[in-house]
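Secondary and tertiary structure notes
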Amino acid sequence: MYTGDKDELYFIMSITQDNYANMLKRLDTKSKFSNFVLTYYSIALIVYAITGKFFPQIYNTLISDYFNIIISIVVLAYSISNSNANYQERKRNAENILNDVKGLKRELADSDIKVISESYQKITYGAEYRSDVDFFRTVKQRCKQLDIRWYLFKHDLNKIENNIEESKLKKYQKIANYLSEISPFFQQLKIICDYLLMLLILIMPVAIFAICILIP
């Protein structure tokens, strides 16, 4: 049972709300990208086959056939993985939790904190746990609101901690504690690697097509 005050519970629920908002964005991006990749790679396979049939004099069909087999296997594996990821249901669950927490926040001011706390625990119990990347994005958003640089949070906190009131200082310290817990540079590296992987996936079919033309 939660035993803090309403302001602290409101802050906790706000963090949870932001976590699930970021989770929803992540799942939506992955779902759309996965569906796009399946279509994109399927079209690429057709283009390779048609080009090899009609322009064999400028298109290396041997290399193309080799990559066609590899891409076909990748598409099959990607399709199975995409199906098992169950993005639609996970998005729906995340959205439901997000809306429920929003509703509780509106009720908090006029309701018993114990009742709200129990409702909050019921909502989040058994729900999909946010990833560290989701939480990192939430903390980065809070850093921006509080004018703290996530990559220099200790330095920025030391500069301001003697010049602000105690209630605000607690919020800064909580964000700083969150950043200390999640290895922010590692989380940022994961985000960059995800984007690079997506870029590589998009470039690969074009690169294969170019190789088949450039190599006799």
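Definitions and cut-offs
Residues numbered from 1 in each chain as written. Predicted model: local features only at pLDDT ≥ 70, side-chain atom pairs only at ≥ 80, totals over all residues. Heavy atoms only, no water. Core = buried A, V, L, I, M, F, W, Y, C linked by side-chain atoms within 4.5 Å. Buried < 20%, exposed > 50% of the residue type's maximum accessible area, 1.4 Å probe, protein only. Helix = DSSP H or I, 4+ residues; strand = E, 2+ residues; numbered from the N terminus. Contact = heavy atoms within 4.5 Å. Polar contact = N/O pair within 3.5 Å; in protein donor to acceptor, adjacent residues only side chain to side chain. Patch = residues over 30% accessible without salt bridge, like charges linked within 9 Å, V, L, I, M, F, W, Y side chains within 5 Å. Areas by Shrake-Rupley, 256 points an atom, 1.4 Å probe, with all protein chains shown as cover. Salt bridge = Lys/Arg side-chain N within 4 Å of Asp/Glu carboxyl O. Expected span 1.5 Å × (residues − 1). Arc of directions from axis to C-beta. pLDDT = per-residue confidence, 0-100. Axes fitted to C-alpha atoms, helices over the stretch in contact; angles between N-to-C directions. Parallel < 35°, antiparallel > 145°, perpendicular 65-115°, else oblique.

**Examining the nonpolar core**
If you look at the biggest cluster of nonpolar residues, it comprises 19 residues, and the most contacted ones within it are Phe-135, Val-139, Cys-143, Ile-175, Tyr-178 and Leu-179. Breaking this core down by element, the ones donating at least two residues are helix H1 (6-54), helix H5 (132-146), helix H6 (153-160) and helix H7 (166-181). Ranked by the residues each element gives to this core, the list is headed by H7, at 6 residues. Setting aside residues no more than four positions away along its own chain, Val-139 makes contact with Ile-175, Tyr-178, Leu-179 and Ile-182.

**Observations regarding the side chain of Asp-18**
When you line up the elements, Asp-18 lands in helix H1. There is a polar contact of 3.0 Å between the side chain of Asp-18 and the side chain of Arg-142. Other than its neighbours up to four places away in sequence, Asp-18 contacts Thr-138, Gln-141 and Arg-142.

**Remarks on unusual backbone geometry**
Positive phi, normally seen in glycine, also occurs at Asp-147, with a value near 60°. As for its position among the elements, Asp-147 is in the loop between H5 and H6. Overall, the relative accessible area of 68% leaves Asp-147 in the exposed class. Unusually for a residue other than glycine, Ser-183 sits at a positive phi of about 50°.

**Re a nonpolar patch on the surface**
A contiguous nonpolar patch, built from Phe-36, Ile-192, Leu-196, Leu-199, Leu-202 and Ile-203 and spanning about 530 Å² of accessible area, is present on the exposed surface. The element that contributes the greatest number of residues to the nonpolar patch is helix H8 (residues 184-214), accounting for 5 residues. With respect to the element layout, Ile-203 can be found in helix H8.

**A closer look at helix H4 (residues 113-124)**
For an α-helix the count is 3.6 residues per turn, leaving residues at separations of three or four pointing the same way. Here H4 is 12 residues long and its end C-alpha atoms lie 16 Å apart, about the 16 Å a rise of 1.5 Å per residue gives. For H4, the complete set of buried residues consists of Ile-113, Ile-116, Ser-117, Tyr-120 and Ile-123. In a view along the axis of H4, the buried residues occupy a sector of 125°, so they form one face of it. Exposed residues on H4 whose side chains face more than 90 degrees from its buried face are Lys-114 and Lys-122. In this structure, the buried side of H4 is in contact with H1 and helix H3 (87-108). Taking the backbone nitrogen of Lys-114 as reference, a side-chain oxygen 3.0 Å away marks Asp-112 as the first, capping residue of H4. Gly-126, located one to two residues past H4, shows a positive phi value of around 80°.

**Some remarks on the confidence of the model for the protein**
Confidence along the protein averages 87 in pLDDT terms, with 96% of residues attaining 70 or more. Looking at the elements of the protein, mean pLDDT is at its lowest for H6, recorded as 78, and at its highest for H8, recorded as 93.

**A few points about the pattern of salt bridges**
Pairing is possible between side chains that carry opposite charge, provided their charged atoms lie close to one another. Overall, the coordinates contain 6 salt bridges when judged by the stated rule. Where Asp-18 meets Arg-142, a salt bridge forms, and the shortest distance between an N and an O atom there is 3.0 Å. Within this pair, whereas Asp-18 is found in helix H1, its partner Arg-142 is found in helix H5, the two being separated by 124 residues in sequence. Among the residues examined, Asp-18 registers a relative accessible area of 17% and is labelled buried.

**Section: the packing of H1 against H8**
With their axes 10 Å apart at the nearest point, H1 and H8 run at an angle of 5° to one another. As judged from the angle between their axes, H1 and H8 are roughly parallel. Facing Thr-29, Phe-33, Phe-36, Val-37, Tyr-40, Tyr-41, Ala-44, Val-47, Tyr-48 and Thr-51 of H1, the residues of H8 in contact are Met-198, Ile-201, Leu-202, Met-204, Pro-205, Val-206, Ile-208 and Phe-209.

**A few points about the side chain of Lys-91**
For Lys-91, the position within the fold is in helix H3. Lys-91 gets classed as buried once you look at its relative accessible area, which sits at 15%. With residues near it in sequence (within four places) discarded, Lys-91 still touches Leu-24, Leu-27, Asp-28 and Ser-31.

**Some points on helix H2 (residues 61-85)**
The end-to-end C-alpha distance of H2 is 35 Å, a good match for the 36 Å that 25 residues give at a rise of 1.5 Å each. Listed as buried for H2 are Ile-63, Ser-64, Asn-68, Ile-71, Val-75, Asn-82 and Ala-85. Among the structural elements, H1, H3 and H8 are those in contact with the buried residues of H2. N-cap assignment for H2: the residue whose side-chain oxygen lies 3.2 Å from the backbone N of Leu-62 is Asn-60. At the C-terminal side of H2, Asn-86 shows a positive phi close to 55°.

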